[in-house]
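# Summary of structural features
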Amino acid sequence: QVQLVESGGGLVQAGGSLRLSCAASGNIFSINVMGWYRQALGKQRELVATIASGGRTNYADSVKGRFTISRDNAKNSVYLQMNSLKPEDTAAYYCNANIRTRRTGSLSGTANDYWGQGTQVTVSS
């Protein structure tokens, strides 16, 4: 029904920058909050940043001031600009979107969280 496709990960030296992109497609009625999460080796998955449909943002303390989340509602896309990268930012980054799917007869389906496939970000010291 719904697919999230991520891109933009890679290998970068400390202090460098990367921009992650995520585009949602499929039977979409509406998209609520979109966000980015990450999971480092041996660690729990953690919230990086979220952005509501109206533009309100929320950041983890560890990335505040360095990362910027944005979205393009016309493209059903969310982005994460990552600057001043540190080795501790190394992780698999996952796009997340809370999406209500379309139904027949002007009905909307249940809102569910959908996840991208993940994109690896590796920051070398």
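Below is a summary of the structure that appears in this document. (Residues numbered from 1 in each chain as written. Predicted model: local features only at pLDDT ≥ 70, side-chain atom pairs only at ≥ 80, totals over all residues. Heavy atoms only, no water.)

Let us look at unusual backbone geometry. Unlike most non-glycine residues, Asn76 shows phi in positive territory, near 50°. Judged by its relative accessible area of 25%, Asn76 is partly exposed. Of note in this structure, Ser84 is not a glycine but carries a positive phi near 50°. Within the secondary structure layout, Ser84 lies in the loop between strand S8 (77-82) and strand S9 (91-102). (Buried < 20%, exposed > 50% of the residue type's maximum accessible area, 1.4 Å probe, protein only. Helix = DSSP H or I, 4+ residues; strand = E, 2+ residues; numbered from the N terminus.)

This paragraph deals with the sheet that holds strand S1 (residues 2-7). The antiparallel open sheet is built from four strands, whose spatial order is S1-S3-S8-S7. Two strands lie at the open edges of the sheet, namely S1 and strand S7 (67-72), each paired on one side alone. If you compare each strand with its neighbour and ignore which way they point, the axes differ by 15° on average. Bridge count for strand S3 (residues 18-26) against S8 is six bridges, and the pairing is antiparallel. The residue of S8 that forms the bridge with Ala23 is Ser77. (Pairing = 2+ DSSP bridges. Axes fitted to C-alpha atoms, helices over the stretch in contact; angles between N-to-C directions.)

Quick look at the state of the cysteines now. For the structure on display, the rule yields one disulfide. Between the sulfur atoms of Cys22 and its disulfide partner Cys95 the distance amounts to 2.1 Å. Handedness of the Cys22-Cys95 disulfide follows from its S-S torsion of about -80°: it is left-handed. Note that Cys22 is positioned in strand S3 and Cys95 in strand S9, a separation of 73 residues in sequence. The exposure class of Cys22 is buried, given its relative accessible area of 1%. (Disulfide = S-S within 2.5 Å.)

What is shown is where atoms sit, not what they do.
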